Amino acid sequence: MSEAAPPNNPTNNNEQPLAAPVMPAKSGGGVSGAVAVLALLIGAGGAGLGGWGLWQLREMQAGELAQSSRFDEALSGQMDALKQSERSITGRLSQFPARTELEERWRTMAMLESGQEKLVQRLDKLTGASREDWRLAEAEYLLRLANLRLSAMQDINSAQRLLEAADGILREQDDPASFPVRQVLARSLETLRSLTPPDRIGLFLSLGALREQAAQLKPLAPIYEQEQAPVVADRWQQWWEKISRFVRVDLHAGQDIRPLLSGQNLAQVRLTLALALEQAQWAVLNASPEVYRQALQQAQDVLAGQFNPEHPQSAALGKRLTELSRQPVALQMPDLSSTVSALQNYLQRRQAQRDEAEAAAASTKKEGARQ
């Protein structure tokens, strides 16, 4: 091997360059054969790799197609399910009421809620009332009932007992503010105690007994009843018996001569007298003095005009009718409206004082909370 002389480098004269090794030369035939074999191997590997890649590509395409078909089937099933769900929801929505009906129901619900709220407030107010308030409300009810018994039925005894019960409730309260109410109540009680209630039951029964007597009254002249007599052979005697049924001779009749009553007319007169007495009984039960006196006057007129006033039975009946006509069947009842009004005013003042106390307590509580 020979070394070449280094080039002249004016910048670095001290450094010497290294010499590159020289490879020995080989023959050209061996190198080209190796290259050919290597190229053949590379070509075969590339062909195999391309085939494998093509197979993988086909497999991937087949998998994508299968997955796409499955996806399409799943999507179609979901679409069917959605359509069915939509039909079901549409059917359910069709069952719901219309908007106007819903609005009407909402308004009705709002009204019910408002009414329920008012009832709850009223219930709270009632449950919060004390025992004294309940007793005062009972006293007001008793006064109203007493006024009704007097005006409708003229029941003095019941009204008096009701007023006494109401006065007892006010006495239990022991409230000086109830003094005006008790004063008016005492006046009403004394007025009722001074009244004498009419004996309506006794009058009704007496008139009923007189009706029974009226059915047995005799007319102005006695009625002769034909007795069953034996057959009379004499034709003159038979003719006289027939004539005697139509002709009567009364030597003691006086100046007041009236026609005799037949059996039918007598029954009608007795019925008229009984109806007049029944009307008087109705007037007693309904406390109607005008109707009562008119009915008794009608009964006296029938008795005096159609029956013998000298007969003991007729005279006793006429005397009794005169006595009963003087009996009172109704009284001028006192009006208890002033007593009821006095109690109502007392209750209103009591409630107003309670409301003021509650408002003052609430105001004090608010001020304390602010501080």
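Residues numbered from 1 in each chain as written. Predicted model: local features only at pLDDT ≥ 70, side-chain atom pairs only at ≥ 80, totals over all residues. Heavy atoms only, no water.

An unreviewed UniProt entry annotates the protein as Uroporphyrin-3 C-methyltransferase originating from Azotobacter beijerinckii.

## Thoughts on the overall build of the protein
The number of helices and strands found in the protein is 11 helices and 0 strands. When the elements of the protein are put in sequence order from the N terminus, they spell out α-α-α-α-α-α-α-α-α-α-α. Taking all 371 residues of the protein together, 21% fall into the buried category. Put simply, 76% of the contacts in the protein that link residues at least 6 apart link residues at least 24 apart. Carbon and sulfur atoms provide 57% of the accessible area of the protein, an area that totals close to 28,500 Å². (Helix = DSSP H or I, 4+ residues; strand = E, 2+ residues; numbered from the N terminus. Buried < 20%, exposed > 50% of the residue type's maximum accessible area, 1.4 Å probe, protein only. Contact = heavy atoms within 4.5 Å. Areas by Shrake-Rupley, 256 points an atom, 1.4 Å probe, with all protein chains shown as cover.)

## Digging into the pattern of salt bridges
Counted under the stated rule, the structure contains 16 salt bridges. Asp133 is the salt-bridge partner of Arg350, the closest N and O atoms lying 3.4 Å from each other. Linking Arg350 in helix α11 (residues 337–370) with Asp133 in helix α3 (residues 131–153), this pair joins segments that are 217 residues apart in sequence. No difference in accessibility class separates Arg350 from Asp133, as the two residues are buried. The partner of Glu323 in a salt bridge is Arg320, with the nearest N and O atoms 3.1 Å apart. Taken together, the residues Glu323 and Arg320, both in helix α10 (residues 312–325) and 3 residues apart, mark about one turn of the helix. Ionic contacts of the salt-bridge type, sharing partners, join the residues Glu132, Asp133, Asp175, Arg350 and Arg354 into one network. (Salt bridge = Lys/Arg side-chain N within 4 Å of Asp/Glu carboxyl O.)

## Brief notes about helix α5 (residues 179–193)
Helix length check: α5 (15 residues) gives 21 Å between terminal C-alpha atoms against 21 Å at 1.5 Å per residue, within 8%. Those residues of α5 that sit buried are Val181, Val184, Leu185, Ser188, Leu189 and Leu192. Projected onto a plane normal to the axis of α5, the buried residues spread over an arc of 140° and lie on a single side. α5 presents Phe179 and Arg187 as exposed residues on the side facing more than 90 degrees away from its buried surface. Turning to α5, the residues buried within the fold contact α3, α4 (156–173) and α11. (Expected span 1.5 Å × (residues − 1). Arc of directions from axis to C-beta.)

## Re a nonpolar patch on the surface
A grouping of Phe71, Leu75, Met79 and Leu82 is seen on the molecular surface, where their side chains present a nonpolar patch of about 410 Å² in accessible area. By secondary structure assignment, the location of Phe71 is in helix α1 (residues 28–95). Take Phe71: its relative accessible area is 55%, and that puts it in the exposed class. (Patch = residues over 30% accessible without salt bridge, like charges linked within 9 Å, V, L, I, M, F, W, Y side chains within 5 Å.)

## Focus: the environment of Leu142
Among the secondary structure elements, Leu142 is positioned in helix α3. Distance in space between the C-alpha atoms of Leu142 and Arg161 is 9.5 Å, their sequence separation being 19 residues. Discounting residues that sit within four places of it in the chain, Leu142 has contacts with Leu162, Ala165, Ala166 and Ile169.

## As for the packing of α4 against α5
At their nearest, the axes of α4 and α5 sit 10 Å apart, and the two run at 155° to each other. In terms of orientation, α4 lies roughly antiparallel with respect to α5. At the point where α4 passes α5, the crossing takes the left-handed sense. Contact with α4, carried on its side by Ile156, Ala159, Gln160, Leu163, Glu164, Ala166, Asp167, Leu170 and Arg171, involves Val181, Arg182, Leu185, Ser188, Leu189, Leu192 and Arg193 of α5 and no other residues of that element. For the contact of α4 with α5, the residue count by class is 9 nonpolar, 2 polar and 5 charged. (Axes fitted to C-alpha atoms, helices over the stretch in contact; angles between N-to-C directions. Parallel < 35°, antiparallel > 145°, perpendicular 65-115°, else oblique. Left-handed = near helix turned anticlockwise from the far one by under 90°. Nonpolar A, V, L, I, M, F, W, Y, C, P; charged D, E, K, R; others polar.)

## A few points about the side chain of Arg200
Counting through the fold element by element, Arg200 comes out in helix α6 (residues 200–214). In this structure Arg200 is buried but unpaired, with Asp155 as the nearest side chain of opposite charge at 7.0 Å. Among residues more than four places away in sequence, those in contact with Arg200 are Met153, Gln154, Val284, Ala287, Val329 and Ala330. (Lys, Arg positive; Asp, Glu negative; His and termini not counted.)

## Some words on unusual backbone geometry
Positive phi values are uncommon outside glycine, yet Asp174 reaches one of about 55°. Assignment of secondary structure puts Asp174 in the loop between α4 and α5. For Ala287, which is not glycine, the phi dihedral falls at a positive 55°. For Ala287, the position within the fold is in the loop between α8 (263–285) and α9 (289–306).

## Some points on the packing of α3 against α4
Where α3 meets α4, the axes come as close as 9 Å, and the angle between the chain directions of the two elements is 160°. The angle between α3 and α4 places the two elements in the roughly antiparallel class. For the pair α3 and α4, the sense of crossing is left-handed. Contacts between α3 and α4 involve Glu132, Arg135, Leu136, Glu138, Ala139, Leu142, Leu143, Leu145, Ala146, Arg149 and Leu150 from the first element and Ile156, Ser158, Ala159, Leu162, Leu163, Ala165, Ala166, Ile169, Leu170, Glu172 and Gln173 from the second.

## A short note on the environment of Val291
Mapping Val291 onto the fold places it in helix α9. The class of Val291 is partly exposed, set by a relative accessible area of 21%. Contacts of Val291, omitting those with residues within four sequence positions, involve Gln279, Trp282 and Ala283.

## Some remarks on the side chain of Arg135
Locating Arg135 in the fold gives a position in helix α3. Sequence-distant contacts of Arg135, defined by excluding residues within four places in its chain, comprise Ile169, Glu172 and Gln173.

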